[in-house]
Every structure is written in C-alpha cells, then in structure tokens.
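Chain by chain, the residues run as shown.
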Amino acid sequence: MFDFAIAGITSPFMLLVLTGFTVGIVGGFIGVGGGYMVTPALIVFGFPGYMASGIDMTHIAGKSVIATVRHRQMGNIDWVLGLAMVGGTMLGVELGVRLLNWAKNLGIAGILLLTCSVVVMLGLFIYTQLETAKAHKKITKDAEAGIEAGREVMVSKVPLFFQNIPIYPIVRCHTARLIISMWVIVLVGMVTGILAGFLGVGGGFVRVPALIYIVGATTHIAVGTDLLEIAVSGGYGAMRHSQMGNVDMIAVLFMIVGAMVGAQFGSIATMYVRGPAIRYILSYSLILATVGAFLRLIYMLTGQKHEFLSFFAVVFTLGEMFFLCFFITSLVVFAVRYRHGKSVPEWVPALVVKED
Amino acid sequence: MADDQKKRGAVKFVFWTALAVVLIGYCWYSYSSGQMVNWYYYKAKTDGYAVNANTFQAATKEKPMTLEIGKFNPIEGLQATPVKKGDRLPVNTNGIISTKDLEEGKRVKLEGDKIVVTVPMQVKEAKGFKYKDTFKHKGIETNPWSGVWNVLWVLSLGICLGFSAEGLTDMFGLKLKKIVHHGH
C-alpha cells in the first residue's frame with residue numbers, strides 16, 4: 001500500500017505499475033493512449049474520478065513519448081504528416097470541449113457522449129473488421145498462388161479518393177510515401193480532435209483508423225505518427241489537469257515505470273506483424289470498449305437503477321486490457337515460432353512477417 | 001562495426017538511464033519529503049483549517065476522529081492549522097476544512113480547541129462500482145507553474161526512458177532495422 005498524499009488516498013502501488021504495463025503494451029502496439037481503459041481502472045483502485053482523469057492523461061503523455069522514441073527508431077513516424085496534423089488536432093480538441101460544455105448546459109452530455117461513443121466505435125469496428133478480413137483473405141490467396149505479400153496489405157479504395165483532392169498546398173510525406181493535400185491532413189486532425197475533445201479521450205482509436213482509411217498511411221505509420229500526436233495533445237491535457245490540481249505525480253511515476261516496459265514490448269511487437277494484425281487488434285479493442293460504453297448507456301437510460309450494468313461495464317473495460325495483452329503476446333509468440341519454422345495455427349502466417 | 005554499434009548503445013544506455021534515475025530520484029525525494037505536495041498545493045483559497053486528509057480517512061459517524069488545532073508546520077498526523085485565504089499552506093497539507101463546513105457541522109464540528117471529523121474529506125458513496133466524490137481540494141489553490149513543470153518532467157522522463165531502452169537493445173546487438181513503407 002502507498003500513501004498518495006496529493007490524491008488523498010491509500011492504494012496498492014503495484015496495481016498502478018501493472019496497469020501502466022498492460023496499457024503500455026496495448027498503446028505501443030495499436031497506437032492509442034488507452035485513456036478509456038485506465039480511468040475506470042484508477043477509479044476502481046480508489047482514486048477520485050477527477051484525479052483518475054488527470055493521472056491518466058499525464059501518464060499517457062509520458063508513455064506516448066517512450067513509444068514514440070521506439071517507433072522513430074523503427075521508421076514508423078512520418079514527421080511531416082504528424083506535424084501537419086497537430087494544429088488541426090489541437091483546434092479540434094478545443095472545439096470538442098466546447099461542444100461538450102454546450103451539451104452539459106443542455107443537460108444531455110452523458111447520454112449524448114455515450115451514444116456518440118457507441119456509434120463511432122461500432123462503425124469503426126464494423127468497417128475495420130470487414131476491410132481487414134478482406135485483406136487477410138487476399139494475403140492467403142496470394143500465398144497460395146506463390147506471391148509473397150508485403151508488410152502492409154489494404155483493400156480499401158477510400159484513401160485514393162482523398163489523395164486525389166487537388167487543393168494546394170500538396171505535401172509530400174517521405175516516410176509514409178504519400179502525396180496528399182495538406183488540408184485533408186488538417187481536416188482529419190480537426191475532426192478526430194473534435195471527437196477526442198468531446199469524448200474526453202486522447203483520440204487514438206479514431207485517429208489511427210482515420211490515418212489508415214482516409215490519409216492512406218500504412219498501419220505501422222499510423223500507429224507511430226498517432227503516438228506522436230498523443231504526446232502533444234496528452235501534454236496539453238496534462239498541463240490543464242495539473243493546473244486544476246488533478247495530478248498526483250507519484251502515481252504517474254508508478255504508471256510510467258510499468259509503461260516503460262510495456263510500451264517497449266508493444267512497439268517492438270509491431271515489427272513481427274503485418275498491418276492487418278494491428279488492425280484486427282484495434283477493432284477488437286473497439287468492440288470491447290463499445291460493449292462497456294453500451295452497458296453504461298443502458299444504465300443511464302434506465303435511470304441508474306440497475307447497478308449490475310455499471311459493474312459489468314467496468315469489468316469489461318478492465319478485462320479488455322488483459323485480453324488485448326494476451327492476444328498481442330500470443331501473436332508475437334506465434335510470429336517467433338513461424339520464423340523458426342515451427343508449427344503455428346493456420347490463420348497466423350497471413351498476419352505475421354517472416355523476415356525483418 | 002557491430003562492436004562499435006554496441007559501444008555506442010552502451011554509452012547511450014548509461015547516459016539516458018543516469019538522467020532518468022536523477023529525474024525519478026528527484027520526484028521520489030521531493031514527494032516523500034513533502035516538498036512536492038507543499039509546492040503543488042500552494043495557497044489557501046478559503047478561510048479554514050489546513051489538514052492532511054489522509055490521516056482521518058477512517059472517520060465515521062460511529063467512530064469520529066479528533067484533530068488537534070495549533071500552529072503546525074509540517075502537519076503530522078491528526079493536526080489542523082488555522083489558515084486565511086491567500087496564506088501559504090503548511091507542509092503535508094492536502095485539504096482544507098473550511099469555516100463554512102465547520103459552521104454547518106454536518107461533517108465536521110469545532111469542539112473547543114479540537115475539530116471532530118465524522119465524515120472523511122473524500123467520501124465515496126460506493127454502490128457496486130459507482131462512486132460519488134465530494135472532496136475536490138476546493139479550498140486549495142494549486143501552483144500556477146505546476147502545469148508546465150509536471151508536463152516538462154513527464155516528457156523529459158519519457159524521452160530518457162525511451163532512449164535508455166533504445167540504448168539497451170543496441171548494447172545487446174539487437175538494433176532494430178527501419179521498416180520501409182509503401183503508401184497506398
């Protein structure tokens with residue numbers, strides 16, 4: 001047990017290290033901050049809600065930097081794409097927060113927020129699942145025909161439409177190998193920022209699919225570049241929370257120590273897999289978070305009478321962290337076995353890469 | 001060539017790890033000595049009594065806890081120091097029992113030179129997983145520089161730990177190759 005003087009509670013510090021570790025793995029692998037998982041976990045550990053948000057946001061900023069450093073080494077960050085997006089993201093977050101305040105004044109913030117979460121996450125889950133399943137099929141088919149697939153396989157044609165919009169200035173993203181109007185990047189940043197600000201999260205789970213399916217970046221680039229974005233927007237959020245007295249730095253330190261190990265594992269794990277594998281895990285993360293948000297929505301719509309709905313929402317959210325870690329670890333284990341010529345399940349070869 | 005890379009990795013690892021240790025050590029020392037709390041929870045925003053709310057978390061209506069009033073700095077255990085709005089807070093303070101709360105007498109009562117607490121400052125109405133917070137450090141003004149300082153610290157630690165881990169893998173000859181990407 002540790003006495004958190006700023007938060008004003010006593011809580012087991014190892015739980016914070018463990019949470020940092022698990023969210024570090026997931027965040028480093030799919031490029032999200034993991035706020036939607038950490039905040040409920042901290043509340044369960046006894047932190048007050050406002051403290052949980054502040055600690056979470058501050059730890060996300062630090063953890064994203066750790067993962068960004070590693071993704072930079074692996075060449076997964078396109079600095080032009082990331083920096084062009086930052087302005088739009090910050091503007092969007094500010095608009096999202098104002099939208100949330102407007103909804104709060106109308107007294108519909110809770111229900112609107114949860115409905116919006118469920119619709120956005122469910123929509124992204126369905127689209128990602130369908131597209132990734134098609135890509136998976138294509139890789140398997142190509143392999144049967146003796147064609148070795150690359151690290152990235154995507155069947156969506158949507159990015160081509162956006163890449164062909166001829167509005168100047170057009171930017172060349174060398175690492176991502178993209179040529180696209182800067183306005184598309186700024187707009188994507190702004191729209192995803194609005195959602196992030198409105199939903200009160202870092203926005204990684206919206207930005208990663210947007211970078212893949214709208215901008216046309218590869219999944220690895222989307223993950224790395226999004227972590228850079230999260231470091232910037234998380235830093236801003238952490239500053240605001242700190243000023244409001246919502247941050248206990250020692251709790252942040254415990255979480256970062258765990259996240260340091262987890263984020264390394266999650267980031268390096270992306271080296272072993274193809275783009276569709278990351279997209280699968282991202283989509284599972286979305287559907288599990290959707291179930292949690294849906295249960296909370298029903299709980300609110302039924303006048304907060306059925307406590308078991310709220311209980312299961314938290315259980316789902318916490319279970320999600322461990323399920324995703326298990327899934328990512330299994331994938332890496334299978335990838336290593338596959339590289340050494342050992343037997344692996346049928347679905348694995350299409351999702352992992354044999355050589356660096 | 002490979003040995004050169006390992007040597008550079010080792011230097012990188014040692015340098016960034018040393019910096020990370022300094023940052024962590026500083027945070028740990030300033031927190032455990034009460035300096036950080038004192039610096040963060042800066043001034044009183046209301047008239048009342050500065051307290052360490054952690055010390056009376058177990059207070060209940062059946063088993064109230066009593067705080068001794070006096071000029072304490074630092075506050076150790078069940079002690080309360082009178083403060084006026086704008087006063088610098090004593091070391092170890094993380095909450096203020098406001099004069100208004102004392103006058104209401106619902107959660108805390110003034111009995112001579114002692115304060116009797118029946119409801120801790122952070123009340124969690126726990127029904128399953130539902131919590132209701134009532135303690136929001138309302139009486140405390142945080143240091144206006146805390147935002148910049150905390151963010152600088154956390155980002156610096158992130159950079160140090162990130163490069164330290166990179167140095168570690170390089171040191172063991174596990175330097176990761178850059179992925180060559182092909183856009184859609």
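Below is a short write-up of the structure. These figures come from a predicted structure and were not determined experimentally.

## With respect to the overall build of chain B
- Secondary structure assignment for chain B yields 4 helices and 8 strands.
- For chain B, the succession of helices and strands along the chain, N to C, is α-α-β-β-β-β-β-α-β-β-β-α.
- Counting only residues that meet the buried cut, chain B has 37% of its 184 residues in that class.
- Counted over contacts in chain B with a minimum sequence separation of 6, partners at least 24 positions apart contribute 68%.

## A look at the interface of chain A and chain B
- At the junction of the two partners, chain A supplies 59 residues and chain B supplies 47 residues.
- In terms of residue count, the dominant contributor to the side of chain A that touches chain B is helix α3 (residues 49–73) of chain A (11 residues).
- When grouped by side-chain class, the residues that make up the side of chain A that touches chain B number 31 nonpolar, 19 polar and 9 charged.

## Concerning the packing of α3 of chain A against helix α9 (residues 219–243) of chain A
Residue and element names in this part refer to chain A.
- The interhelical angle for the contact between α3 and α9, taken along N-to-C directions, is 150 degrees, at an axis separation of 7 Å. The orientation of α3 with respect to α9, classified from their angle, is roughly antiparallel. Crossing hand, α3 versus α9: left-handed. Residue-level inspection shows Ser53, Gly54, Met57, Thr58, Ile60, Ala61, Ser64, Val65, Ala67, Thr68 and His71 of α3 in contact with α9, the latter providing Val223, Gly224, Leu227, Leu228, Ile230, Ala231, Gly234, Gly235, Gly237, Ala238, His241 and Ser242.
- Considering only residue class, the contact of α3 with α9 consists of 11 nonpolar, 12 polar and no charged.

## Side note on the environment of Asn164 of chain A
Residues and elements named next belong to chain A.
- Here Asn164 is to be found in the loop between α6 (158–163) and β3 (170–173).
- Judged by the 10 C-beta atoms lying within 10 Å of it, Asn164 falls in the exposed class.
- Put simply, Asn164 and Leu18 are 146 residues apart on the chain and 45 Å apart in space, counted from C-alpha to C-alpha.

## Notes on the packing of helix α5 (residues 109–144) of chain A against helix α7 (residues 182–199) of chain A
All names here are of chain A.
- The contact between α5 and α7 brings their axes to 10 Å, and the two run at 135 degrees. By the angle between their axes, α5 is oblique relative to α7. Here α5 runs over α7; the crossing is left-handed. Residues Leu113, Cys116, Ser117 and Val120 of α5 pack against Leu195, Phe198 and Leu199 of α7.
- Residue classes in the contact of α5 with α7 are distributed as 6 nonpolar, 1 polar and no charged.

Rules behind the numbers
Residues numbered from 1 in each chain as written. Chains lettered and ligands numbered in written order. Predicted model: local features only at pLDDT ≥ 70, side-chain atom pairs only at ≥ 80, totals over all residues. Helix = DSSP H or I, 4+ residues; strand = E, 2+ residues; numbered from the N terminus. Buried ≥ 20, exposed ≤ 12 C-beta atoms within 10 Å, placed from the backbone. Contact = placed C-beta atoms within 7 Å. Nonpolar A, V, L, I, M, F, W, Y, C, P; charged D, E, K, R; others polar. Axes fitted to C-alpha atoms, helices over the stretch in contact; angles between N-to-C directions. Parallel < 35°, antiparallel > 145°, perpendicular 65-115°, else oblique. Left-handed = near helix turned anticlockwise from the far one by under 90°.

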